[in-house]
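Here's the letter readout for the chains.
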Amino acid sequence: MKIDMAGALRDAWAMWRTDGDLLVRIAALFLFLPQFATLLLLPPIPPMVVTAEMSQAAQMALAESIVAWISAYGGWYLLAALIVQAGTLIVLTAYLGRDRPDLGGAIRSAAQLFPRYLLAMILVGLPLGVGVLTLILLLPGLYVLGRMIALGPILVAERPISVGRGVARSWAMTRGYGLPLAGLVSLTILGGALMAAPFTMIDKGLRAAAPNVVAITLADAAGAAVAAAALLATALVQIAVYRRLENSGT
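First, a word on what this report is: a plain description of the structure on this page.

Calculation rules
- Residues numbered from 1 in each chain as written.
- Predicted model: local features only at pLDDT ≥ 70, side-chain atom pairs only at ≥ 80, totals over all residues.
- Heavy atoms only, no water.
- Phe/Tyr/Trp six-rings, centres within 6.5 Å; stacked < 30°, edge-to-face > 60°.
- Helix = DSSP H or I, 4+ residues; strand = E, 2+ residues; numbered from the N terminus.
- Buried < 20%, exposed > 50% of the residue type's maximum accessible area, 1.4 Å probe, protein only.
- 1 Å grid on protein atoms, 1.4 Å probe; cavity = no way out; pocket = protein on both sides within 12 Å on 5 of 7 lines; lining within 4 Å.
- Points joined across faces, edges and corners; volume = space filled by probe spheres on them.
- Core = buried A, V, L, I, M, F, W, Y, C linked by side-chain atoms within 4.5 Å.
- Contact = heavy atoms within 4.5 Å.

Some remarks on the packing of aromatic side chains
- In this structure the tally under the stated criterion is four aromatic pairs.
- Relative to F36, the ring of F32 lies with its centre 5.3 Å away and its plane at 15 degrees, an arrangement referred to as stacked. Of this pair, F32 and F36 both sit in helix α1 (residues 5–41), separated by four residues, roughly a single helical turn.
- Under the relative-accessibility criterion, F32 is labelled partly exposed at 22%.

Brief notes about the layout of surface pockets
- Approximately 410 Å³ is the volume attributed to the second largest pocket.
- Surrounding the second largest pocket, 22 residues form its lining, A229, A230, L232, A233 and L236 being those nearest its centre.
- For the lining of the second largest pocket, the leading source of residues is helix α8 (residues 213–247), giving nine residues.

Topic: the nonpolar core
- V91, Y95, L236, I239 and V241 are the most contacted members of the largest nonpolar core, which totals 54 residues.
- If you list the elements that add at least two residues to this core, you get α1, α2 (56–96), α3 (103–134), α4 (138–147), α5 (151–157), α6 (163–173), α7 (178–208) and α8.
- Other than its neighbours up to four places away in sequence, Y95 contacts M15, D19, L23, R100, L236, I239 and R243.

Take a look at the structure:
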């Protein structure tokens, strides 16, 4: 039986309409606030672009600035990323955990599963990260991410299960759906990144000109809200796809 990708999107939308209040509380605390804080309070990482025209001294200066940025701010960005991953896991647990736990139960259950889930997300994110940096491998990275769309839900719904078995099961469940699922991943993840990019550009422009605290705060809040909405949509799509794959007997 083939699964309906448009139907999965409708399922995700139905979850939002039914549980919007709960989802807003999770997203506001775990998906929006960490990203808003990093955008507003921390400087962006220096551009990691080395051109043939750059002298060796300029390249060394760029490397030193990146190292200095990581030393000063890398820990805060890492903390924000961990909170965001925890928020995504809480959403998955709220829907796929045993007996549909309430918010408190979902948080407690997610805390127990978080180390394994984080390891899985690092492994899954590596191909896409390499693809973004090289561009040549972007499409293969999205394909792998599409095939791993059920990994998070599997770790929650079928616990206890190892990361390796979860990867193998997601790969098997999504056989024959790689390209459509890569499209879904692109729609939510890359779409969210593209929609948030203008607000990041506005932030940089405002800071470079005459800084206006109110305008910068509004731009950063809008960018964080768009990014949080994209992350929430991605989690709901993961749940919807997993359920449809599970019901189809794959």
